[in-house]
Amino acid sequence: MNAFIPYGRQLIEDDDEAAVVAALRSDFLTQGPATRTFEDELAAYVGARYCVAVSSATAGLHIAMAALDLGPGEGVTSPNTFVATSNAMAYVGLEPVFADVDPDTGNLSLAAVREAINDRTRVIAPVHFGGLPADMEGFATLAGERGVSVVEDAAHAIGSEYVSGGRVGNGRFSSMTVFSFHPVKSMTTGEGGAITTNDPALHEALMMLRSHGITRDPARLADAPGAWWYEQQMLGFNYRMTDIQAALGASQLRKLDRFRDRRLAIIARYRAGLSDLAWLNLPPDTGTQTVCWHLFVARFDFEAIGRTRAEVMAALAGEGVGSQVHYIPVYRQPWYVARQGDRSGRFPDTEAWYARCLSLPLYPAMTDEDADRVIAAVRGLG
Ligand SMILES: *Cc1c(COP(=O)(O)O)cnc(C)c1O
């Protein structure tokens, strides 16, 4: 019997294990020198001045919003995301406002955001859906015209490059970029996240917000009576990453480009094996743009094959192939419906995406034989 192929999973190798064991045997278990090393290496990798490692991307999105100190108002984001993006706005008292997606990519639509912006808008949070960068050149221009901030949710997009070049997170198009290292993402620290920025004031605020709002920086203390002195100068949180996680993160980061190339090879195999199916729509081919695809979201014409999505997922599972839905639109979640009412009629392209999307397995440990089993299982549906 062949092993079950999940829709995504981490790849932990011997050197990752050795890095974690070394951190466990060091003096620091929580945030210490390994966290600092990971931050420096991640900043260098994406091409940003600063990086702040945190306990999750959710924590990172929260303190990114908090660091902007926006006051009451609204934030505009994609409904085709995990709930954490818009929740981060609600944590800081901003009302989340959703805008429709691009029908071909599932990314936040620039035209829809332009419509959704008003004088209460404080921030736009594009999500690089599936690892494909959103139209950041467009969002940065729009945000500049309207005087609003931009925070990138790059939970899917570590290792991807913008269409005009440069790695996601380099700070060219936004105040801050937030990454996730949850095990299903393209590299992992168990739980974990990071924020990159080029702004020294935001960097300082993020470092304080991650650790209770406390500082020991002599430059920020008027008259410290001794080396033991610290001050809580803002209301912060305990969102620290541990050195155990950071050691794993630094080890994973060094192999991210290899992981990306393996993901791209699996996708090339999928394209060769599936692109002739009239009832299946594959993600766009990005040509020379480097995209570290986190998800491979196909869109099925379920009517054409006479099966519901639930039946397709069950049939694939019967062949040992996992699949997943990305995403249930966030405005459909009960907490949002209770707060904002049923808004599904306003987002035809998100609804169309949701009706047809199904993510097929994609992770660096997949073999060519695994990919061929996925292809055969999908072809068997038609
Ligand atoms: C996974 C994810 C998050 C949250 O990441 P955590 O590290 O689990 O908190 C946020 N946004 C998107 C788009 C995600 O996929």
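Not measured: the values here are computed from a predicted model.

Quick look at the overall build of the protein chain
Argument step 1. Across its full length, the protein chain holds 13 helices and twelve strands.
Argument step 2. What you see for the protein chain is a C-alpha radius of gyration of 21 Å, in line with the 21 Å of a compact globule of 382 residues.
Argument step 3. Dimensions of the protein chain, computed from the C-alpha atoms along their principal axes, are close to 75 × 50 × 40 Å.
Argument step 4. Relative to its full complement of 382 residues, the protein chain shows a buried share of 55%.
Argument step 5. Pairs at least 24 apart in sequence give 72% of the contacts found in the protein chain among residues at least 6 apart.
Argument step 6. Total accessible area computed for the protein chain in this model is approximately 15900 Å², and 51% of it derives from carbon and sulfur atoms.
Argument step 7. In the protein chain, 33 positive and 45 negative side-chain charges are present, and the distance between their average locations comes to 1 Å.

What about the packing of aromatic side chains?
Argument step 1. Per the stated rule, a full pass over the model turns up 13 aromatic pairs.
Argument step 2. Ring centres 6.3 Å apart and planes at 70° place the aromatic pair Phe 98 and Tyr 331 in the edge-to-face group. On the criterion of sequence distance, the pair formed by Phe 98 in strand S3 (residues 94-98) and Tyr 331 in the loop between helix H10 (309-318) and helix H11 (334-340) is long-range, its members being 233 residues apart. There is no split in this pair, since Phe 98 and Tyr 331 are both buried.
Argument step 3. Judged by centre distance (5.0 Å) and plane angle (10°), the ring pair of Phe 237 and Tyr 239 falls under stacked.
Argument step 4. In this structure Phe 237 comes out as partly exposed when scored by relative accessible area, which is 24%.
Argument step 5. Relative accessible area serves as the criterion here: at 19%, Tyr 239 is assigned to the buried category.
Argument step 6. Following the ring pairs from residue to residue traces out a cluster consisting of Phe 98, Tyr 331, Trp 335, Tyr 336 and Phe 347.
Argument step 7. The cationic tip of Arg 167 hangs over the ring face of Tyr 45; the distance from NZ or CZ to the ring centre is 3.8 Å.
Argument step 8. Residue placement shows Arg 309 over the ring face of Tyr 354; its charged tip is 5.0 Å from the ring centre.

Quick notes on the environment of Val 54
Argument step 1. Note that Val 54 resides in strand S1 (residues 50-54).
Argument step 2. Using a relative accessible area of 0% as the deciding quantity, one classes Val 54 as buried.
Argument step 3. Once the C-alpha coordinates of Val 54 and Pro 225 are considered, the two residues, 171 residues apart in sequence, prove to be 30 Å apart.
Argument step 4. With sequence-adjacent residues up to four places away left out, Val 54 is seen in contact with Gly 60, Ile 63, Gly 192, Gly 193, Ala 194, Ile 195, Arg 210, Tyr 239, Arg 240 and Met 241.

Examining the site of the ligand
Argument step 1. Around the ligand lies a shell of 16 residues, among which Thr 58, Asp 153, His 156, Ser 180 and Lys 185 are the nearest.
Argument step 2. Here a nitrogen atom of the ligand sits 2.8 Å away from a polar atom, N or O, in the side chain of Asp 153.
Argument step 3. Lys 185 places a polar side-chain atom, nitrogen or oxygen, 3.0 Å from an oxygen atom of the ligand.
Argument step 4. Relative to its unbound accessible surface of 380 Å², the ligand loses 93% to contact with the protein.
Argument step 5. Classifying every residue of the shell around the ligand gives six nonpolar, eight polar and two charged.

Examining the domain arrangement of the protein chain
Argument step 1. Partitioning the protein chain into structural domains gives domain 1 (14-253) and domain 2 (256-379).
Argument step 2. At the interface, 38 residues of domain 1 touch 33 residues of domain 2.
Argument step 3. Three residues stand out in domain 1 for area buried against domain 2, namely Phe 98, Asp 100 and Ser 186, and they jointly supply 18% of the buried area on that side.
Argument step 4. One salt bridge connects Glu 95 with Arg 339, and the closest N-O pair in it is separated by 2.8 Å.
Argument step 5. Where domain 1 packs against domain 2, one counts 21 residue pairs in polar contact (both at pLDDT 80 or more).
Argument step 6. Counting residues per element, the ones that place at least two in the side of domain 1 that touches domain 2 are helix H4 (84-91), S3 and helix H8 (243-253).

Details of the sheet that holds strand S11 (residues 296-300)
Argument step 1. If you trace the three strands from one edge of the open sheet to the other, you get S10-S11-S12, paired in antiparallel fashion. Edge strands, defined here as strands with exactly one partner in the open sheet, are strand S10 (280-281) and strand S12 (357-360).
Argument step 2. Of the strand pairs in this sheet, S11 and S12 are connected by four bridges, and their pairing is antiparallel. Each residue of the ladder has a partner; that of Val 297, found in S12, is Ser 359.

Description of H10
Argument step 1. For H10, the full list of buried residues reads Arg 309, Val 312 and Leu 316. For H10, the buried positions fall inside an angular range of 60° around the axis, keeping them on one side. The exposed set on the far side of H10, more than 90 degrees from its buried face, consists of Ala 310 and Gly 318.

Conventions we followed
- Residues numbered from 1 in each chain as written.
- Predicted model: local features only at pLDDT ≥ 70, side-chain atom pairs only at ≥ 80, totals over all residues.
- Heavy atoms only, no water.
- Helix = DSSP H or I, 4+ residues; strand = E, 2+ residues; numbered from the N terminus.
- Rg over C-alpha atoms; globule rule 2.2 N^0.38 Å.
- Buried < 20%, exposed > 50% of the residue type's maximum accessible area, 1.4 Å probe, protein only.
- Contact = heavy atoms within 4.5 Å.
- Areas by Shrake-Rupley, 256 points an atom, 1.4 Å probe, with all protein chains shown as cover.
- Lys, Arg positive; Asp, Glu negative; His and termini not counted.
- Charge placed at Lys NZ, Arg CZ, Asp CG, Glu CD.
- Phe/Tyr/Trp six-rings, centres within 6.5 Å; stacked < 30°, edge-to-face > 60°.
- Lys NZ or Arg CZ within 6 Å of the ring centre and 35° of its normal.
- Near = heavy atom within 4 Å.
- Polar contact = N/O pair within 3.5 Å; in protein donor to acceptor, adjacent residues only side chain to side chain.
- Nonpolar A, V, L, I, M, F, W, Y, C, P; charged D, E, K, R; others polar.
- Domains from an automatic or database assignment.
- Buried area = accessible area lost by both parts, 1.4 Å probe.
- Salt bridge = Lys/Arg side-chain N within 4 Å of Asp/Glu carboxyl O.
- Pairing = 2+ DSSP bridges.
- Arc of directions from axis to C-beta.

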